[in-house]
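Tertiary structure, described
Here are the chains, one letter per residue:
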Amino acid sequence: MLDTTRTHWHPIAASHDLPFRHVFHGQLLGREFAVWRADDGYVNIWENRCLHRGVRLSIGINDGRELKCQYHGWRYSNRTAGCTYIPAHPADAPARTITNRTFASVERYGLIWSAEEPLGEVPAIAAFSGGDVLALRGIAVNAPPELVAQALKGYRFQPSGALAGSAAEVTVEAADGLSVALRSMREGHATLAVFFVQPVDSNRSVIRGVLDAIPEGGARLAVLRHHNELLSKLRDKLEREAVARPAPEPLEAVIERVSPELAEMPELTAHGRKATIRVEVARKWQAADGIAGFELRPVKGLLPTFQPGAHIDVHLPNGLIRQYSITNGPGESDRYVIGVKRERDSKGGSASLHETVREGDVLAISDPRNNFPLRRDAVRTLFIAGGIGVTPLLAMAQALHHQGLQHEFHYFAQNEGQLAFPDRLEGLKATLVPHLGLAPEATAARLREILASYRAGMHLYLCGPGPMLEAARAIAEEAGWPEEAVHFEYFKNTREIDDRSSFEIALARSNMTLTVPAGRTILEVMREAGIDMPSSCEQGACGTCLCQVIEGEPDHQDVYLTEAEKKSGTKIMTCVSRAKSARLILDL
């Protein structure tokens, strides 16, 4: 019988088992769950194991937005169960495939319901439609679920309004599989109790009961004690009876491999930029002067997990593709929030979003990419944002703020009206330092003040207009900041690209040699030859099309690689950079 219940909804916890910042150890059909309520009210039901070493996540730390494994500190996001941070690799964004298995979750009648492969809806109980119900304490029983369900038909209790004595008339109003509805009546008082048997294993169960009304004041505690005593006696009787029977074989849960959605490669596209997700513009508003905010929610399913610093490609109605950073804080995984500045010299991207796209429109977007990941092991982190460059740094600062990690947030803008996302900035006001209306010379002077305090273990994150980033990087170098402690992201590459050279590329792993003529990029030539190289901005700013160089001298024309990386000659951005040598051998 238990084989058929894998498609049935079962209660695995009560709502009162999930207090603030707690993780509950749930069990069903031989499987263990980590059950926790996020600060936004969402109830997560996950496979009870960290994907690193299999440690139970039910002993992890629920910080309200993410669940942290106690062993090596891996963090998993609310809703998606995707890994957001691996302490052993602080400079890397975890792969999308590092995602725990999630299970369906419904909260109803004071209980948390789930199933391995649910069909249909949670059982409807008309008498409980008003929502004013009392969930009893769960009673664990070492006995087969079928035996427990049968015994519950003979359970006798007093109505909540007349607990004294034992003369109540109890009738079975309904019984179906592992559930029993009983009505107790005495002296004009009546109480409906519905009991569900949670099949923990073939020989273990939990009795979960719900009453049709919540008594007031001290009567509530008296009712809970009444049922706790009676159900405990029933448990003792059932366990004695179960011991005398042959023990059934225990159920063994199957630990599944990575889901096909994560394991399979998306379909190829002609330009290599994949729009695998459909989202609806749930909200559009003015996030600051000249900046529009967009809240994007999935048309169906859940959005992929993102980490602070990630961006998405947005495929616009006019055919253009633009990249925008996700500003969400940790655990806000039911939506992506982006900010779009209306550029005066717009080529159609920002203009389309500001003027054409409306609430309710459906857009195609890519999976999040993170070429600007946040380290969380710094002794102190400095953020320096200029204008719309605040968007990726907002996500980072919110993550550090939520974890209580040391940071400062410096935000340069022309005036207060240009400070984007004031609601999110309000939550950061203890560390936020606005710098308003400064001329370039004054901005440089202020940067020297901010960056003069370097000490070992600090990290710096920069994002904003190109000239500001160039100045900040130069000042940081003068102030003694090591290159590996300075992280930056350009929104676009404003350098003039020299594409007059012609050269050969040899793809070592593909056993292919191609000619890159003048006026064409390495990326374009490879795609024409059938090599599906990922890309995003295609102007040398985001790092998506990075490739390893085995031999030859690159001609770097990007703004993504650091000076040290460029000097090493081991990496190249295939969308804009070229070759100084006659031939490049690439690790492709």
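Starting from 1, residues in each chain are numbered consecutively following that chain's sequence as written. With the structure being a predicted model, the display of local features is reserved for residues of pLDDT at least 70 and the display and counting of side-chain atom pairs for 80 or more, all residues being used for whole-chain, interface and lining totals. For the side-chain quantities, the full set of heavy atoms in the structure was used; hydrogens and water were omitted.

**Digging into the overall build of the protein chain**
What counts is decided by this rule: Only DSSP runs of H or I covering at least 4 residues are called helices, and only runs of E covering at least 2 are called strands; the numbering of each starts at the N terminus. The buried label applies to any residue whose accessible area, calculated with a 1.4 Å probe on protein chains only, is under 20% of its type's maximum; exposed applies above 50%, and partly exposed to all values in between. Here a residue-residue contact requires only that any non-hydrogen atoms of the pair lie within 4.5 Å. With residues, only the protein chains shown are counted as cover, and all accessible areas are computed by Shrake-Rupley using a 1.4 Å probe. Charge counting treats Lys and Arg as positive and Asp and Glu as negative, with His and both chain ends excluded. Charge positions are represented by NZ for Lys, CZ for Arg, CG for Asp and CD for Glu.
From N to C terminus, the protein chain includes 10 helices and 34 strands. Taken over 588 residues, the protein chain has a buried fraction of 52%. Summarising the internal contacts of the protein chain: among those between residues at least 6 apart in sequence, 64% fall at separations of at least 24. A total accessible area of about 26,500 Å² is found for the protein chain, and carbon and sulfur atoms account for 49% of it. Here the protein chain carries 65 positive and 72 negative side-chain charges, and the mean point of each set is 2 Å from the other.

**Overview of the environment of Val172**
Residue placement: Val172 occurs in strand β13 (residues 169–176). For Val172, a relative accessible area of 40% translates into the label partly exposed. Taking C-alpha positions, Val172 is 57 Å from Met396, a pair spaced 224 residues apart along the chain. Residues contacting Val172, with those up to four places away along its chain left out, are Lys153, Val180, Ala181 and Leu182.

**Notes on the sheet that holds strand β2 (residues 23–28)**
Just so we agree on the cut-off: One requirement defines pairing of two strands: DSSP has to find at least two bridges between them. Here an angle of 0 to 180 degrees is reported between the N-to-C directions of two axes, which are lines fitted to C-alpha atoms, with helices fitted over the stretch in contact.
Strand order in the open sheet made by the three strands is β2-β3-β4, with antiparallel pairing throughout. A single partner strand is all that each edge strand has here, and the edge strands are β2 and β4 (43–47). Taken pair by pair, the neighbouring strands of this sheet meet at an average axis angle of 30 degrees, ignoring direction. As paired elements, strand β3 (residues 31–37) and β4 share five bridges and run antiparallel to each other. Bridge pairing links Ala34 to Trp46 in β4.

**Things to note about unusual backbone geometry**
Located in the positive-phi region is Glu187, a residue other than glycine, with phi close to 50 degrees. With respect to the helices and strands, Glu187 occurs in the loop between β14 (179–186) and β15 (189–201). A positive phi angle is found at Glu538, which is not glycine, with a value near 55 degrees. When you line up the elements, Glu538 lands in the loop between α9 (522–528) and β30 (546–551). Judged by relative accessible area, Glu538 falls into the partly exposed class, the value being 31%.

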